[in-house]
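Each chain is listed here by its residues.
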Amino acid sequence: MARFFELTVIISLLSIISLGFPQYASLAGLSERELDIILPTLQARKAPPPPSAPNDTSVKLVNDKDHPWMPLRPGDIRGPCPGLNTLASHGWLPRSGVATPTQIINAVQDGLGMANSLAVFVTYAAMLVDGNVITDLLSIGGKTPSTGPDPPKPAIVGGLDTHAVFEGDASMTRGDAFFGDNHSFNETLFDQFVDFSNRFGGGNYNVTVAAELRWQRIQQSIATNPQFSFVAPRYFTAYAETIFPLLFFVDGRKTDVQLDMTTARGFFQNNQMPEGFFRSNRSIVSDFLDDGINTVFSAHPIQPGKNEGVGNYVLDPTSASFEGDGCLLYTNFVNQTVRSLYPNPKGALLDALNQNLDFLFNGMGSNCSQIFPFGKP
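Anyway, here's the lowdown on the structure attached to this text. Just so you know, the residues in each chain are numbered from 1, in the order the chain's sequence is written. In keeping with the predicted nature of the model, local features appear solely for residues at pLDDT of at least 70, side-chain atom pairs appear and are counted solely at 80 or more, and the whole-chain, interface and lining totals rest on all residues. The side-chain numbers reported here are obtained from all heavy atoms of the structure, hydrogens and water having been left aside.

## Topic: the overall build of the protein
Numbering of helices and strands runs from the N terminus; a helix is a DSSP stretch of H or I covering at least four residues, while a strand is a stretch of E covering at least two. Looking only at helices and strands, the protein features 12 helices and 7 strands. Calculation of accessible area relied on Shrake-Rupley with a 1.4 Å probe; when residues are assessed, cover is drawn exclusively from the protein chains displayed. Looking at the protein as shown, the accessible area adds up to about 14700 Å², and 53% of this sits on carbon and sulfur atoms.

## Let's talk about the nonpolar core
What makes a nonpolar core is a set of buried Ala, Val, Leu, Ile, Met, Phe, Trp, Tyr and Cys residues whose side-chain atoms join them at distances within 4.5 Å. Three exposure classes are used, based on accessible area relative to the maximum for each residue type with a 1.4 Å probe and protein chains only: buried under 20%, partly exposed in between, and exposed over 50%. L87, F193, Y205, F230, Y239 and L360 are the most contacted members of the largest nonpolar core, which totals 92 residues. In contact with Y239, not counting residues within four places along its chain, are R214, I218, F230, I293, V296, F297, H300, I302 and F322. In what follows, a contact means two residues having at least one pair of non-hydrogen atoms within 4.5 Å.

## Some points on the side chain of N332
Mapping N332 onto the fold places it in helix α11 (residues 328-341). The class of N332 is buried, set by a relative accessible area of 16%. Aside from chain neighbours lying at most four places away, what touches N332 is T318, A320 and T337.

## Brief notes about the side chain of S319
As for its placement among the helices and strands, S319 is situated in the loop between β7 (313-315) and α11. With relative accessibility at 12%, the residue S319 sits in the buried group. Identification of polar contacts relies on pairs of N or O atoms within 3.5 Å, with a donor-acceptor requirement for protein atoms, meaning one able to donate a hydrogen and the other able to accept it, and with residues adjacent in sequence counted only if both atoms are side-chain atoms. Among the polar contacts listed, one links the side chain of S319 to the backbone nitrogen of A232, at a separation of 3.0 Å. What S319 contacts, discounting residues up to four positions off in sequence, is V231, A232, P304 and L328.

## Section: the sheet that holds β7
Across the sheet, 3 strands lie side by side as β4-β6-β7; this open sheet has antiparallel pairing. Strands at the two margins of the open sheet, each flanked by one partner only, are β4 (229-230) and β7. Alignment of β4 against strand β6 (residues 305-307), held across 2 bridges, turns out to be antiparallel. Residue pairing across strands places F230 opposite G305, the latter belonging to β6. A strand pair is defined by DSSP finding two or more bridges across the two strands.

## A few points about the environment of Q216
Relative to the assigned elements, Q216 resides in helix α7 (residues 207-224). Between the C-alpha atom of Q216 and that of Q192, which follows or precedes it by 24 residues, the distance is 9.6 Å. In contact with Q216, not counting residues within four places along its chain, are Q192 and F196. Polar contacts involving the side chain of Q216 include one to the side chain of Q192, which spans 3.2 Å.

## Concerning unusual backbone geometry
Glycine aside, residues mostly have negative phi angles, and peptide bonds mostly take the trans form. Residue P233 follows A232 across a cis peptide bond; omega there is 5°. With respect to the element layout, P233 can be found in the loop between β4 and α8 (234-248). The phi dihedral of D136 falls on the positive side, at around 65°, and the residue is not glycine. With phi around 65°, A170 is a residue other than glycine that occupies positive phi space. Turning to its location among the elements, A170 is positioned in the loop between β3 (138-139) and α6 (187-201).

## A closer look at helix α4 (residues 101-112)
Multiplying 1.5 Å by the helix residue count minus one yields the expected span of that helix. If you check α4, its first and last C-alpha atoms are 16 Å apart, about what 12 residues at 1.5 Å a residue would give, namely 16 Å. Taken together, the buried positions of α4 are occupied by P101, I104, I105, A107, V108, Q109, G111 and L112. Directly after α4, the chain includes G113, whose backbone phi takes a positive value near 90°.

Below you can see the structure in the form of structure tokens.
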């Protein structure tokens with residue numbers, strides 16, 4: 001089960017992605033005729049294999065002279081993930097907010113200390129649903145003025161702001177999409193973050209606070225959001241996002257895994273690391289991740305489901321869950337999500353999808369059987 005927790009962090013990260021190339025709209029949802037028209041207009045890029053793990057995985061200074069914080073320029077984009085936003089604002093990712101998978105994987109490994117397998121898995125999951133697999137580009141937020149012409153509807157415009165894929169309801173510092181803004185820093189929710197840290201953590205955010213705040217945000221969404229959805233993959237990423245700040249926002253030289261409120265506001269609101277900030281040791285990150293998610297979930301267990309009207313939370317037995325088949329999340333993601341977005345790919349699009357699906361599966365490192373939704377290449 002521990003490995004399952006690591007794999008199912010599939011879709012939070014931090015919502016992953018940024019660079020200085022123009023962003024393109026996603027090709028998902030287009031008909032065969034529309035693809036015949038659009039594909040020749042896009043410059044296909046054969047994606048390289050994912051980066052391997054770096055040799056140096058130790059505690060390391062990452063807010064250094066080569067990665068200074070800079071304010072946003074006109075046209076720069078940021079999204080719902082404070083970790084990726086911060087990496088972009090420090091230049092670990094392109095400051096524009098659009099990137100290739102290679103850039104993203106390198107950034108989260110080198111800038112935050114994320115394990116290679118998790119970085120690869122989450123990045124290619126994001127690419128398959130929110131990115132442009134032909135051009136090998138993805139946005140960490142919404143689209144920029146330089147996106148170029150959009151594909152015909154119902155294509156999904158690329159970007160991690162897209163609701164209910166990586167971004168989801170009951171975020172700790174972002175509002176639910178139903179209320180209009182699912183990606184901007186929410187001061188009211190951060191005040192609650194501080195309040196719970198004072199009540200349950202002695203002024204710091206820790207695992208105990210994470211468990212209580214996660215439950216609070218779920219209950220708030222059930223009580224106020226008639227469209228609240230808490231099924232996979234969001235079901236898993238909601239728990240992962242409560243632990244990520246302890247892994248990636250706490251200075252790696254500290255041993256108590258306690259996040260102070262000044263540092264928390266820097267990451268969540270300002271996309272800024274503290275002066276002289278050190279990333280965590282990767283071995284500590286890997287050991288703490290599974291245990292932390294398990295602790296948060298076990299404090300207030302709830303099964304996947306969604307609201308059918310305000311306050312009416314209905315369980316969904318078809319969703320993957322922590323207590324079920326560990327491979328179901330991957331299977332449903334590939335056979336249902338990806339397959340429904342690309343019902344009949346061919347040519348360069350089919351090749352790119354199969355390549356990204358291979359990268360996704362290889363990043364899992366599990367005993368699950370690989371799924372080939374479009375047939376074996």
